[in-house]
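# Per-entry structural report
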Amino acid sequence: MTVTHPKGFRASGVAAGLKTSGNADVALVVNDGPDFTAAGVFTANRVKAAPVLWSEQVLKGGVIRAVVLNSGGANACTGSQGFRDTHATAEHTAAALRTGGKPMMIGAGDVAVCSTGLIGELLPMDRLLPGVKAAAKALAGDGGTRAAEAIMTTDTVPKNAVAQRGGWSVGGIAKGAGMLAPALATMLVVITTDASADNETLDAALRAATRVTFDRIDADGCMSTNDTVLLLASGASDAQPTLAELTDAVTEVCHDLAQQLIGDAEGATKHIAIEVMGAASEADAVQVGRTVAGNNLVKTAFFGNDPNWGRILAAVGTTSAAFEPDRIDVAINGVWICKNGAAAEDRNKVDLTGRDVKVTVNLHEGEMSATIWTTDLSHGYVHENSAYSS
């Protein structure tokens, strides 16, 4: 149930010595066709890592036959040498695939590159390139799980997902546990499908899916330099779903992976869904949800099991969304502790002993709604991001 579940894909994950732990750190996902169409979305950060700049160029050609990924180093803020290293990685990958046990007609321009890890340091190419060659030799039709393990950084578990449809499917792997914020997150995601679809259809489906999944998780308000989400289509099933059908399946996989990302967020003790309803527009609902999700006072209150609705209202008040302060209602885990902008049910009725929390904010301005997923802010998060580089 992973990226190699759809027909036409192989993957691998190997240890190249990039991580001091000795764990797997180089992954490879290969599309064996017959189709090689692709789509992608990338970080909105203006400071983009060299692999992001490279993969954006590759995607303009409309064909991705392979994706090579490494953990143990982001190759971000590394100047012209970092870009040359990314180019060399793509060329080395293509050469290894041209001469491997199942030779492919592939060039560097057909290879997307993804990296994750510490920003500001060059990759150890003397270890990475042999790792790429080893990954090419290790490719297998059941190698998706090993690829998911190889891209982990501070993740505690690998992340895989599949959506099965009649005669075709969508699969995916992801990594990400910190720097999770809107406009994507510190994530690397490879999604595959054995359906047949042109580039425009894939792009429309992927953008629609990420808009309501990856773009709506926010663990810590920090935007990464390396975010990459790729969708590859092999056409190996001969199925040709409609745009709506493909979007539905891709969204299912993206939602599953996004929930795994937020569920594994660094130091998190709470998995919080913030539903904003009664908004005048979807944009208003998203803005309010994101603002509440990113508010440190709200996040620390949940870490302390405190149903502090006053902090939620204060956060809503900083937005430009349409609302009247004396009409807002707030519920936490189904208990409406705020009605019409004032205290309502006894806050002691709210049970926050579990991991899952649902906050509902009703603006009473319209019919639109949106949900943002976030976490609390704990001692564990502070320790993990201050005690060592990651």
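Reading the values: the criteria
- Residues numbered from 1 in each chain as written.
- Predicted model: local features only at pLDDT ≥ 70, side-chain atom pairs only at ≥ 80, totals over all residues.
- Heavy atoms only, no water.
- UniProt positions renumbered as here; feature names shortened; annotations may be inferred.
- Helix = DSSP H or I, 4+ residues; strand = E, 2+ residues; numbered from the N terminus.
- Rg over C-alpha atoms; globule rule 2.2 N^0.38 Å.
- Buried < 20%, exposed > 50% of the residue type's maximum accessible area, 1.4 Å probe, protein only.
- Contact = heavy atoms within 4.5 Å.
- Areas by Shrake-Rupley, 256 points an atom, 1.4 Å probe, with all protein chains shown as cover.
- Lys, Arg positive; Asp, Glu negative; His and termini not counted.
- Charge placed at Lys NZ, Arg CZ, Asp CG, Glu CD.
- Salt bridge = Lys/Arg side-chain N within 4 Å of Asp/Glu carboxyl O.
- 1 Å grid on protein atoms, 1.4 Å probe; cavity = no way out; pocket = protein on both sides within 12 Å on 5 of 7 lines; lining within 4 Å.
- Points joined across faces, edges and corners; volume = space filled by probe spheres on them.
- Nonpolar A, V, L, I, M, F, W, Y, C, P; charged D, E, K, R; others polar.
- Disulfide = S-S within 2.5 Å.
- Pairing = 2+ DSSP bridges.
- Axes fitted to C-alpha atoms, helices over the stretch in contact; angles between N-to-C directions.
- Parallel < 35°, antiparallel > 145°, perpendicular 65-115°, else oblique.
- Left-handed = near helix turned anticlockwise from the far one by under 90°.

Taking an unreviewed UniProt entry as the reference, the protein chain is identified by name as Arginine biosynthesis bifunctional protein ArgJ belonging to Actinoplanes aureus. Recorded in UniProt under Subunit (unreviewed entry), the annotation for the protein chain is "Heterotetramer of two alpha and two beta chains." In UniProt, the protein chain has this text filed under Sequence similarities (unreviewed entry): "Belongs to the ArgJ family."

## Remarks on the overall build of the protein chain
The helix and strand inventory of the protein chain stands at 10 helices and 16 strands. The C-alpha radius of gyration of the protein chain comes to 22 Å, within 12% of the 21 Å expected for a compact globule of 390 residues. Taking the principal axes of the C-alpha coordinates as reference, the protein chain spans close to 70 × 50 × 35 Å. Counting only residues that meet the buried cut, the protein chain has 56% of its 390 residues in that class. Long-range contacts, defined here as pairs at least 24 residues apart, represent 79% of the contacts in the protein chain between residues at least 6 apart. Just so you have it, the protein chain exposes about 14,800 Å², and 51% of that area is on carbon and sulfur atoms. Looking at charge distribution, the protein chain has the averaged site of its 30 positive side-chain charges lying 5 Å from that of its 42 negative ones.

## Concerning the pattern of salt bridges
Opposite charge on two side chains permits pairing when their charged atoms draw close. Summed over the entire model, instances satisfying the criterion amount to 15 salt bridges. As a salt-bridge pair, Arg-165 and Glu-252 come within 2.9 Å of each other at their nearest N and O atoms. Taken together, the residues span a long stretch of sequence, with Arg-165 in strand S6 (residues 159-165) and Glu-252 in helix H6 (residues 243-263) at a distance of 87 residues. With relative accessibility at 38%, the residue Glu-252 sits in the partly exposed group. Where salt bridges share partners, they join Arg-10, Asp-32 and Lys-102 into one cluster.

## Describing empty space enclosed by the protein
Overall, the coordinates contain one cavity of 30 Å³ or more when judged by the stated rule. In this model, the largest cavity occupies a volume close to 50 Å³. Taken together, 10 residues line the largest cavity, and the ones lying closest to its centre are Ala-219, Asp-220, Glu-266, Thr-375 and Tyr-381. Taken together, the residues of the lining of the largest cavity sort by class into five nonpolar, one polar and four charged.

## A word on the state of the cysteines
If you walk through the whole model with that rule in mind, you get zero disulfides. Here Cys-254 stays free of any disulfide, with the sulfur of Cys-114 as its closest cysteine sulfur at 14 Å.

## Concerning the sheet that holds strand S8 (residues 188-193)
Strand order in the open sheet made by the five strands is S3-S10-S8-S7-S6, with mixed pairing throughout. Two strands in the sheet have a free side with no partner beyond their single neighbour: strand S3 (37-42) and S6. Across the sheet, the mean angle from the axis of one strand to that of its neighbour is 10 degrees, orientation sign disregarded. Two elements, S6 and strand S7 (residues 168-175), share seven bridges in a ladder whose sense is antiparallel. Each residue of the ladder has a partner; that of Arg-165, found in S7, is Trp-168. Contacts between helix H5 (residues 199-211) and the sheet are confined to S3, S8 and strand S10 (228-233), with S3 contributing the most and set at about 35 degrees to the helix. Packed onto the sheet, H6 meets S6, S7, S8 and S10 and runs at close to 155 degrees relative to S6.

## Quick notes on the packing of helix H7 (residues 282-293) against helix H9 (residues 309-316)
Look at H7 against H9: their axes get within 9 Å of each other, and the N-to-C directions meet at 130 degrees. Taken together, the axis directions place H7 and H9 in an arrangement best described as oblique. Our pair here, H7 against H9, has a crossing hand that is right-handed. Each of Val-288, Thr-291 and Val-292 in H7 lies in contact with H9, whose residues at this interface are Ile-312, Ala-315 and Val-316. Tallied by class, the residues present in the contact of H7 with H9 amount to five nonpolar, one polar and no charged.

## Remarks on the sheet that holds strand S15 (residues 356-362)
Within the open sheet, the seven strands sit side by side as S9-S16-S11-S15-S12-S13-S14. Their pairing is mixed. Looking at the sheet topology across the chains shown, the edges are occupied by strand S9 (217-218) and strand S14 (342-343). Pairing geometry for S9 and strand S16 (residues 368-375), over two bridges, is parallel. The residue bridging Ile-217 from the neighbouring strand is Trp-373, located in S16. Along the sheet, H7 contacts S9, strand S11 (271-279) and S16; its crossing angle with S16, the most-contacted strand, is approximately 20 degrees.

## A look at the UniProt feature "binding site: substrate" (unreviewed entry) in the protein chain
According to UniProt, the feature "binding site: substrate" (unreviewed entry) maps to Thr-153, Lys-175, Thr-186, Glu-266, Asn-385 and Ser-390 in the numbering used here. The annotated residues contributing to the lining of the largest cavity are Glu-266.

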